[in-house]
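These are the residues of each chain, in order.
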Amino acid sequence: MIAEPLTCQPALVSMRDLDVRTVEALIHRAEEFKHGTELELTEPVYAANLFFENSTRTHTSFEIAERRLGLSVVDFNPQASSVSKGETLYDTCLTLAAVGVRLLVIRHSQDAYYQELLHQPALPVALINAGDGSGEHPSQSLLDMMTISETFGGFAGLKVAIVGDLNHSRVARSNMEVLQKLGAQVYFSGPEAWYDNQFDQFGQYLPIDELVEQVDVMMMLRVQHERHNDDSTFDQAAYHQQYGLTLARAARMKPEAIIMHPGPINRGVELASDLVESPRSKFVEQMRNGVFIRMAMIESVLRGNRLGGLA
Amino acid sequence: MIAEPLTCQPALVSMRDLDVRTVEALIHRAEEFKHGTELELTEPVYAANLFFENSTRTHTSFEIAERRLGLSVVDFNPQASSVSKGETLYDTCLTLAAVGVRLLVIRHSQDAYYQELLHQPALPVALINAGDGSGEHPSQSLLDMMTISETFGGFAGLKVAIVGDLNHSRVARSNMEVLQKLGAQVYFSGPEAWYDNQFDQFGQYLPIDELVEQVDVMMMLRVQHERHNDDSTFDQAAYHQQYGLTLARAARMKPEAIIMHPGPINRGVELASDLVESPRSKFVEQMRNGVFIRMAMIESVLRGNRLGGLA
Amino acid sequence: MIAEPLTCQPALVSMRDLDVRTVEALIHRAEEFKHGTELELTEPVYAANLFFENSTRTHTSFEIAERRLGLSVVDFNPQASSVSKGETLYDTCLTLAAVGVRLLVIRHSQDAYYQELLHQPALPVALINAGDGSGEHPSQSLLDMMTISETFGGFAGLKVAIVGDLNHSRVARSNMEVLQKLGAQVYFSGPEAWYDNQFDQFGQYLPIDELVEQVDVMMMLRVQHERHNDDSTFDQAAYHQQYGLTLARAARMKPEAIIMHPGPINRGVELASDLVESPRSKFVEQMRNGVFIRMAMIESVLRGNRLGGLA
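Residues numbered from 1 in each chain as written. Chains lettered and ligands numbered in written order. Predicted model: local features only at pLDDT ≥ 70, side-chain atom pairs only at ≥ 80, totals over all residues. Heavy atoms only, no water.

Here we look at the relation of the copies chain C and chain B
Inference 1: Overlaying chain C with chain B gives an RMSD of 0.0 Å, the required rotation being 120° about an axis along which the chain moves by 0.0 Å. When the rotation and shift are considered jointly, the pair of chain copies conforms to a three-fold rotation axis. Among all C-alpha atoms of chain C, that of C:Asp75 lies closest to the rotation axis, at 4.6 Å.
Inference 2: When the interface residues of chain C are mapped onto chain B, a mere 8% of them are again interface residues, pointing to distinct binding faces. (Least-squares fit on C-alpha atoms with pLDDT ≥ 70 in both. Contact = heavy atoms within 4.5 Å.)

Looking at the packing of aromatic side chains
Inference 1: Inspection of every chain in the model, using the stated rule, returns 30 aromatic pairs over all chains.
Inference 2: A ring pair is formed by B:Trp194 and B:Tyr239, whose centres lie 5.8 Å apart and whose planes are at 35°; its orientation type is tilted. Pair noted here: B:Trp194 is in the loop between β7 (185-189) and β8 (203-205) and B:Tyr239 is in helix α7 (residues 236-243), with a separation of 45 residues, a long-range link.
Inference 3: On the accessibility criterion, B:Tyr239 (5% relative accessible area) is buried.
Inference 4: Ring centres of C:Phe188 and C:Phe199 lie 5.9 Å apart, and the angle between their planes is 40°; on these two criteria the pair is classed as tilted. Separated by 11 residues along the polypeptide, C:Phe188 in strand β7 (residues 185-189) and C:Phe199 in the loop between β7 and β8 (203-205) bring together distant segments of the chain. Across this residue pair, the class does not change: C:Phe188 and C:Phe199 are buried. (Phe/Tyr/Trp six-rings, centres within 6.5 Å; stacked < 30°, edge-to-face > 60°. Helix = DSSP H or I, 4+ residues; strand = E, 2+ residues; numbered from the N terminus. Buried < 20%, exposed > 50% of the residue type's maximum accessible area, 1.4 Å probe, protein only.)

Points about the packing of helix α4 (residues 138-152) of chain B against helix α5 (residues 170-182) of chain B
All names here are of chain B.
Inference 1: Direction vectors running N to C along α4 and α5 enclose 45°, while the axes themselves pass 9 Å from each other. As the angle between them shows, α4 and α5 are arranged oblique. Taken as a pair, α4 and α5 cross one another with a handedness that is right-handed. In this structure, α4 uses Gln 140, Ser 141, Asp 144, Met 145 and Ile 148 to contact α5, whose residues at the interface are Val 171, Ser 174, Asn 175, Val 178, Leu 179 and Leu 182. (Axes fitted to C-alpha atoms, helices over the stretch in contact; angles between N-to-C directions. Parallel < 35°, antiparallel > 145°, perpendicular 65-115°, else oblique. Left-handed = near helix turned anticlockwise from the far one by under 90°.)

A word on the nonpolar core
Inference 1: Formed by 107 residues in total, the largest nonpolar core has its most connected members in A:Leu104, B:Leu103, B:Ile162, B:Met218 and B:Leu245.
Inference 2: Counting residues per element, this core draws most heavily on helix α9 (residues 283-305) of chain B, which supplies 12 residues.
Inference 3: With residues up to four places along the chain from it excluded, the contact list for A:Leu104 reads A:Ala48, A:Leu50, A:Cys93, A:Leu96, A:Val125, A:Ala126, A:Leu127 and A:Ile128. (Core = buried A, V, L, I, M, F, W, Y, C linked by side-chain atoms within 4.5 Å.)

Considerations on the pairing of strand β9 (residues 217-220) of chain C
The two faces of the sheet receive side chains in turn, since in a regular strand these alternate between them.
Residue and element names in this part refer to chain C.
Inference 1: On β9, burial covers both faces: Val 217 and Met 219 on one face and Met 218 and Met 220 on the other are all buried.
Inference 2: Pairing between strand β6 (residues 159-163) and β9: 4 bridges, direction parallel. Counted as the bridge partner of Val 163 is Met 220 from β9.
Inference 3: Bridge analysis of β9 against strand β10 (residues 258-260) gives 3 bridges, and the strand direction is parallel. Following the sheet pairing, Met 218 is matched in β10 by Ile 259. (Pairing = 2+ DSSP bridges.)

Considerations on the layout of surface pockets
Using a probe with the size of a water molecule, rolled over the atoms, empty space left in the structure can be pinpointed.
Inference 1: As a volume, the second largest pocket reaches approximately 520 Å³.
Inference 2: Put simply, the parts of the chain that give the lining of the second largest pocket at least two residues each are α1 (20-34), α2 (57-68) and α9 (283-305) of chain A together with α3 (89-98) of chain C.
Inference 3: In terms of residue count, α9(A) provides more of the lining of the second largest pocket than any other element does, 4 residues in total.
Inference 4: Residues that form the lining of the second largest pocket fall into these classes: 12 nonpolar, 4 polar and 7 charged. (1 Å grid on protein atoms, 1.4 Å probe; cavity = no way out; pocket = protein on both sides within 12 Å on 5 of 7 lines; lining within 4 Å. Points joined across faces, edges and corners; volume = space filled by probe spheres on them. Nonpolar A, V, L, I, M, F, W, Y, C, P; charged D, E, K, R; others polar.)

Observations concerning the interface of chain C and chain B
By a frequent convention, interface size equals the accessible area lost on bringing the separate parts together.
Inference 1: On the side of chain B, 25 residues touch chain C, which itself brings 26 residues to the contact.
Inference 2: For the pair chain C and chain B, the summed buried area comes to about 2,100 Å², and 52% of that belongs to carbon and sulfur atoms.
Inference 3: Linking chain C with chain B are 2 salt bridges, by the criterion used here.
Inference 4: B:Glu87 is paired through a salt bridge with C:Arg57; the nearest N and O atoms lie 2.2 Å apart.
Inference 5: Between chain C and chain B we count 7 residue pairs in polar contact (both at pLDDT 80 or more) in total.
Inference 6: Contributions of two or more residues to the side of chain C that touches chain B are made by α2 (57-68) and α9 (283-305) of chain C.
Inference 7: By residue number, the principal contributor to the side of chain C that touches chain B is α2(C), which donates 8 residues. (Buried area = accessible area lost by both parts, 1.4 Å probe. Salt bridge = Lys/Arg side-chain N within 4 Å of Asp/Glu carboxyl O. Polar contact = N/O pair within 3.5 Å; in protein donor to acceptor, adjacent residues only side chain to side chain.)

Some details on the relation of the copies chain C and chain A
Inference 1: When chain C is brought onto chain A, the operation consists of a screw motion whose angular component is 120° and whose axial shift is 0.0 Å, with 0.0 Å RMSD remaining.
Inference 2: Residue by residue, only 8% of the interface of chain C is reproduced at the interface of chain A, so the copies engage with different surfaces.

Have a look at this one:
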């Protein structure tokens, strides 16, 4: 029997809804799951993962998190769903709730798609946002915070650089906000065209060569080729030399400093291919932690919805 | 241990194969499942859902019904199957039976596709038709009957209107036949171009405004945009005013009368969007009952095939 | 508790890596599974099946083999994966390993795709090749050997004809090599344009009418329409008459001789449609055995990787 944690959420759709205490509680709970804590179900709980955009790591990670918690995962293929007959997302969710699905994990190309799903009495489901358009990606933010917390034991005074495609990254905006709230010092780098002056409130923009020696965390963002229209003119080698984490730059990092990347990686663009599995790189650990933070998120929304099924 | 029910079927492909007693027995069994009856399996039973046409509610509902019965559901994606290498449906089913699948639930665009699968000694599987072309959709018919039975306690003397795209609906034809057999009085409405004179044997055609005050059930059919060629000229607002269940018409319904819809709904076309979650609407209850009626159907064909696995 | 068998493999990607003793041990183990032996898991083991090429029988067979062993099968749809964002196969596998997947079963259009996945310390997974380009298809080879072994009790002196699309068949090359190693006598037939002189080292090429009366096994290969460019000019009836197993030819086979086909069958091309379910045909038995041989393969690589989970 587990005492009800302090992190119960009716839905988990945006990092903005989470105060520092909740973020820390979720990380703490994820660490418990990582060390073997198991959840007890009193009856079958069905989950459906609705991924309207492509994903390997997020989709699989949620599925394994669900299964580790003992949930039953129902197959949902958007291409083969009634969405292709023009059904609204709300009506699709209504259907899934009616047949007994109690947790919906949704990735969708529309910003804030979840607004029409919240506070609907007819939708007795727990909801997690697995990425909305160019909006947010809270499970990625939380696994990043968990990985930093695990490595450094906390955030106070930590220097974190977020580097690259800041404007197109679902996770950059969430991370700069939450890092500031948690007490870290944030820096930015990457092409100035991909930088927005509103980021100034969260940290300082600097060329990568001025950053690389001082920060504790180099958080490299993926170049989102699929979101750029002018992809054909993009010069990967030039980007790597000017904005990327080259082997030479990595060699100048502080001894304990780490490299992070949300994946999928464009090897040789954001960072040198050989760095992916270097001892500095937390890439694999981020993915590993992703399962446990998602377990904590799922438990939180299931408890917050009080639909039963959890001991 | 459950006494063998009276509803065993070697396959469940058409409502025409089911007499009144069998329909009632399936509804009764579904109500038992709804009230918590569980099935005992003596060994793993594998099921595969072959949906060659898009579906959310029917596909998910069958999958949850299978899992609630304890079956193991095997992933089948038609786009990634050997059907795309020109394999016949029969040979695909032969393959699935050979590797150990014992229940096949199939939706296919070809009318009566199941004919080539029945009475094949080499195919030791239980078969359920989840929709064939413009043929039938027995699980939808049965869940409709279950919902009416649950609401009114029976069918004798009940007045049921089936309204809309009668010619293109897989479920309209089945429902008019079975409703007549069960003792209800059937009425029709909708565009005359979508009405066939052969329906006269089952009930009377009337304009919706002459029906709406007298009937106990307004069964609204989905406008099957994907089956109409002249879609571009279809005027949704005009349809709604002339043939749809507007708010004004709904206000004229008898106090206890209900609204049904098989989904997915074209909101504002067949019925006013606000009616979907009105107290009159059985839309969500129909979907909920769908899981239990499918459990009853699955049990029936598994027992009828005597392939073992059920206590 | 099962004594560790002699067939442990870190990965199972090519028949060339398997000596005669290992092939025999895998067949022996598969027969034990066929007779009801069960594996005990000490913790959940997650498997993912990555099928980048279409398949019904191999995909479903691996999935059922995994489930019969008690593994948890994680959904993976290549069309919806990050591979479509340009992620390398290696990075996709790294992701799946990081989130906890311990067995990868992969089919891919690239020959020897698995080379970049072997001997990678960062990839702590068991790997099975379910077909690589025009390379190999070891689980098909092994189920063929199991079916022959079961029927005739051994291979010594057995005459086996491999007939048809020898050059485009993933399984023909593996089978001629392993059959020779196991002591069988190999013959070939089919269009000369689809025969390569390097096959001479494994057996003799003969017209089908000179073979059909002497051999114990007629192993018919599928005409791989999807791999031929000149498909439109291919005359199915002419192929059947000249190279296929017609009813007349089948009637001339030895009393105990059998017909094999890897599926999917082009009925009326490689063999007469009526032969598919004839008593001579081992088509269904091959598919049935496929589940058990795959169970043996999976156990072998899981034990060979010593990642735990098996009692």
